[in-house]
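# Residue-level structural notes
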Amino acid sequence: MTLDQIAEAPTSGVRNDGSEVTVRLRVNGRDHRVTVDPRTSLLDLLREHLALTGAKKGCDHGQCGACTVHLDGRRVVSCLTPAVQASERQVTTIEGLASSDGRLHPMQQAFIDHDALQCGYCTPGQIMSAVACVQEGHADSIERIREYMSGNLCRCGAYVGIVAAIQDAAAKMRRA
Amino acid sequence: MQPFTYTRAETTADAVHAVVAGGPGTRFLAGGTTLYDLMKLNVERPSKVVDVTALDGLDEIDTGGAELVFGALARMSDVAAHPLIVAEYPALSESLWRAASQQLRNMATLGGNLLQRTRCAYFRGGEPFACNKRKPGSGCAAQEGINRGHALLGGSDACIAVYPGDFAIALVALDAQIEVLGPNGERTLRVEDLHREPGQTPEIETTLGHGELILRIRVPKSPLGRASTYHKIRDRESYAFALASAAVALDMEGDTVRAARVAIGGLATRPWRARMAEQSLIGKTLTPQIAREAGDLALQGAKPGRDNEFRIELGARTVADALMIARQRA
């Protein structure tokens, strides 16, 4: 089913009194329709309703970046995105980054190659943010990588490896 | 989080009507980065939320006319990176990209950013801390508490919470206006007149009435734009709120200042235009000493608390450095 067809489905939409909302969205190429309480964040929808637990709940207040996903191709913190605002939109999570044959995205491979993690909890958010950082054109110097990755905190302090991984992957992504 | 009902407005008139009809517990929702965050903390407890992000035509960035016109739903990241804004109005671009993180800037709208609420920990922290802004009449825990980050200018015995935004500081320096739609129609006001000092009613933060919706931000085009900067001093180099900041813009004739704009952020309860500092610069040759004297004037009247006296000198130096940075761009 396409997004347009889902949008026209008769049972979809906001309930008349607004106490429940039906969210239709495409996540990693797959269409979903989920009815939730409007308090639900996109992060909780992904983790609790779609079992996509790659995006992590760190602070749940938009301060740590562990929940970073792409919404219509732009990075956002999913903990501060009400799920209902993702309706009719496309979401990419860390689970959707590798190719269908299982080959890792160059950024995922670079994080392994450069030892850019220790405990790994912030890593899905780091990688989603890093991919966007390259796509935005903000990975052209170490200074700009640091500035534009500042919304992703790493308590293990793997920053040196993270910056090296982004520089490496940026070159490969530009060639691809 | 308190339960709420959600509706999505199709037109600006519907949005205003829905918020007015819903009563005082009804709020507009745009990017959500402030409201939804504070709802999770139970500091904001709306019973109804009217989503305005689907409104048509309010995400425009129009630089073609005599004014820069930004729709209230334009995203911070898009305006920050707009080539003409980067080249001709660096203070605007810098005030946006030096705020928050790229993820938050992709979400947050300009209109919502202007209305961002304070980061005062006693406001956000909830019970048992007293906060007149959160619970009128309960007192202000910051007066005798940890007030390293609190306001030195514009405070009262009821509230010393800092206005945390950056973009509004640059807008105030550049004489920007906002267009607002409310139940009684449209009106225009200066950004400088949007935010209030707390006085004895810190819970009332702006001059907007219930149901008034910011539609657009208008910045007059000016030769002051190019020789401008937003200089922001933080505890860490990126992704932090300002300990002190300054938006300055200069019109130079050779080495002599023809006109100057100075506004400071991170130090006051509202965006703070420093007109005495501006006046002091006119006709002067801009040297580091003259710049520092202007910085001291910008901080005149500052009232320190227990932990924040260092930010008087920091603020004066921030203004002085900003003036010298802007000077390089003239």
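In short, a report on the structure. (Residues numbered from 1 in each chain as written. Chains lettered and ligands numbered in written order. Predicted model: local features only at pLDDT ≥ 70, side-chain atom pairs only at ≥ 80, totals over all residues. Heavy atoms only, no water.)

With that settled, the discussion passes to the overall build of chain A. Assigned secondary structure in chain A consists of 6 helices and 5 strands. Along chain A, helices (α) and strands (β) appear in the sequence α-β-β-α-β-β-β-α-α-α-α when read from the amino end. By the compact-globule yardstick of 16 Å for 176 residues, chain A fits well, its C-alpha radius of gyration being 17 Å. The principal-axis extent of the C-alpha atoms belonging to chain A is close to 50 × 30 × 25 Å. Looking at chain A as a whole, 53% of its 176 residues qualify as buried. In chain A, once contacts between residues fewer than 6 apart in sequence are set aside, the share between residues at least 24 apart is 52%. Accessible surface, chain A: about 8,100 Å² in total, of which carbon and sulfur atoms supply 47%. Between the mean site of the 19 positive side-chain charges and the mean site of the 20 negative ones, chain A shows a separation of 2 Å. (Helix = DSSP H or I, 4+ residues; strand = E, 2+ residues; numbered from the N terminus. Rg over C-alpha atoms; globule rule 2.2 N^0.38 Å. Buried < 20%, exposed > 50% of the residue type's maximum accessible area, 1.4 Å probe, protein only. Contact = heavy atoms within 4.5 Å. Areas by Shrake-Rupley, 256 points an atom, 1.4 Å probe, with all protein chains shown as cover. Lys, Arg positive; Asp, Glu negative; His and termini not counted. Charge placed at Lys NZ, Arg CZ, Asp CG, Glu CD.)

A grouping of B:Glu10, B:Asp14, B:Asp56 and B:Asp59 is seen on the molecular surface, where their side chains present a negatively charged patch. With respect to the helices and strands, B:Glu10 occurs in the loop between strand E1 (5-8) and helix H1 (12-22). (Patch = residues over 30% accessible without salt bridge, like charges linked within 9 Å, V, L, I, M, F, W, Y side chains within 5 Å. Salt bridge = Lys/Arg side-chain N within 4 Å of Asp/Glu carboxyl O.)

Looking now at the environment of B:Asp255. Residues and elements named next belong to chain B. Along the chain, aspartate 255 falls in the loop between strand E10 (244-253) and strand E11 (256-265). The spacing of aspartate 255 and proline 90 is 165 residues in sequence and 20 Å in space, taken between C-alpha atoms. At 2.6 Å, the side chain of aspartate 255 forms a polar contact with the side chain of arginine 327. (Polar contact = N/O pair within 3.5 Å; in protein donor to acceptor, adjacent residues only side chain to side chain.)

In this complex, chain B contributes 34 residues to the contact, which on the side of chain A involves 36 residues. Both faces considered, chain B and chain A share a buried interface measuring about 2,800 Å² in area, 51% of it formed by carbon and sulfur atoms. Among the ionic pairs, A:Arg74 bridges to B:Asp78, the shortest N-O distance being 3.1 Å. Along the contact surface separating chain B from chain A lie 21 residue pairs in polar contact (both at pLDDT 80 or more). Every element with two or more residues in the side of chain B that touches chain A is listed here: E1, helix H2 (35-40), helix H3 (76-80) and helix H6 (102-107) of chain B. (Buried area = accessible area lost by both parts, 1.4 Å probe.)

Before going further, it helps to spend a moment on the packing of helix H3 (residues 106-113) of chain A against helix H6 (residues 159-175) of chain A. All names here are of chain A. Contact geometry of H3 with H6 gives a least axis separation of 8 Å together with a crossing angle of 140 degrees. Viewed along their axes, H3 and H6 form a crossing whose handedness is right-handed. Note on element contacts: H6 touches H3 through Ile162, Ala165, Ile166, Asp168, Ala169, Lys172 and Met173, opposite Pro106, Met107, Ala110 and Phe111. Here the residues of the contact of H3 with H6 are counted per class, giving 9 nonpolar, no polar and 2 charged. (Axes fitted to C-alpha atoms, helices over the stretch in contact; angles between N-to-C directions. Left-handed = near helix turned anticlockwise from the far one by under 90°. Nonpolar A, V, L, I, M, F, W, Y, C, P; charged D, E, K, R; others polar.)

Next up on the list: H3(A). Residues and elements named next belong to chain A. Within H3 the residues assigned to the buried category are Met107, Gln108, Ala110 and Phe111. Buried residues in H3, looked at end-on, bunch into an arc of 160 degrees, giving them a common side. Against helix H4 (123-136) and H6 lie the buried residues of H3. The positive-phi residue at the C-terminal boundary of H3 is aspartate 115, with phi of around 55 degrees. (Arc of directions from axis to C-beta.)

Residue and element names in this part refer to chain B. Of note, the amide linkage connecting glutamate 127 to proline 128 takes the cis form, showing an omega dihedral of 5 degrees. Mapped onto the elements of the fold, proline 128 is located in the loop between helix H8 (121-125) and helix H9 (167-173). The backbone of asparagine 42 shows a phi angle near 60 degrees, a positive value even though the residue is not glycine. Mapped onto the elements of the fold, asparagine 42 is located in the loop between H2 and strand E3 (48-51).

With that settled, the discussion passes to the sheet that holds strand E6 (residues 177-182) of chain B. Working definition: the strands of a sheet are paired by backbone hydrogen bonds and lie parallel or antiparallel to each other. Residues and elements named next belong to chain B. Pairing in this open sheet of 5 strands is antiparallel, and the strands run E4-E5-E8-E6-E7 from one edge to the other. Strands with a single pairing partner mark the edges of an open sheet, and in this sheet they are strand E4 (61-62) and strand E7 (185-190). In this structure, E6 lies alongside strand E8 (residues 213-220), joined through 5 bridges in antiparallel fashion. Looking at E8, one finds that valine 180 is bridged to isoleucine 214. (Pairing = 2+ DSSP bridges.)

Once that is clear, we can look at the pairing of E10(B). All names here are of chain B. When you tally the buried positions in E10, you get 9 out of 10 residues, the bulk of the element. Pairing of strand E9 (residues 228-233) with E10, which is carried by 6 bridges, proceeds in the antiparallel orientation. Directly across from threonine 229, in E10, lies its bridge partner valine 248. Alignment of E10 against E11, held across 9 bridges, turns out to be antiparallel. Paired with glutamate 253 across the two strands is threonine 256, which belongs to E11. Counting the residues that bridge the hairpin from E10 to E11 gives 2 residues, and of these glycine 254 lies at a positive phi of roughly 65 degrees.

Turning to the packing of aromatic side chains, a few remarks are in order. All names here are of chain B. The tally for this structure, following the rule as stated, stands at 2 aromatic pairs over all chains. Ring centres of tyrosine 122 and phenylalanine 129 lie 5.3 Å apart, and the angle between their planes is 70 degrees; on these two criteria the pair is classed as edge-to-face. Accessibility expressed as a relative area gives 39% for phenylalanine 129, which makes it partly exposed. (Phe/Tyr/Trp six-rings, centres within 6.5 Å; stacked < 30°, edge-to-face > 60°.)

Residue and element names in this part refer to chain B. An order of E1-E3-E2 is seen for the 3 strands of this open sheet, with the pairing classed as parallel. The outermost strands of the open sheet, each flanked by one partner alone, are E1 and strand E2 (26-29). Sheet twist, expressed as the average angle between the axes of neighbouring strands with direction ignored, equals 25 degrees. Each of E2 and E3 is contacted by H1, which is oriented at about 155 degrees to E2, the strand it contacts most.

Glancing now at the pairing of E3(B). Regular strands have side chains that alternate between both faces of the sheet. Residues and elements named next belong to chain B. In this sheet, E3 lies alongside E1 in parallel orientation, the contact comprising 4 bridges. Bridged to threonine 5 within E3 is lysine 48. In this structure, E2 lies alongside E3, joined through 4 bridges in parallel fashion. For leucine 29, the partnering residue across the bridge sits in E3 and is aspartate 51. Handedness of the crossover joining E2 and E3 through H2 is recorded here as right-handed. (Right-handed = clockwise from strand over helix to strand, strands pointing away.)

With that settled, the discussion passes to the nonpolar core. Formed by 41 residues in total, the largest nonpolar core has its most connected members in B:Phe70 and B:Leu92. Among the elements that make up this core, the one with the highest residue count is H9(B) (7 residues). Not counting the four nearest positions on each side in its chain, B:Phe70 is found in contact with B:Glu60, B:Ile61, B:Val79, B:Ile85, B:Leu92, B:Leu110, B:Phe167, B:Leu215, B:Arg216, B:Ile217 and B:Val219. Membership of the second largest hydrophobic core comes to 34 residues, among which are A:Val34, A:Leu52, A:Ala83 and A:Val91. (Core = buried A, V, L, I, M, F, W, Y, C linked by side-chain atoms within 4.5 Å.)

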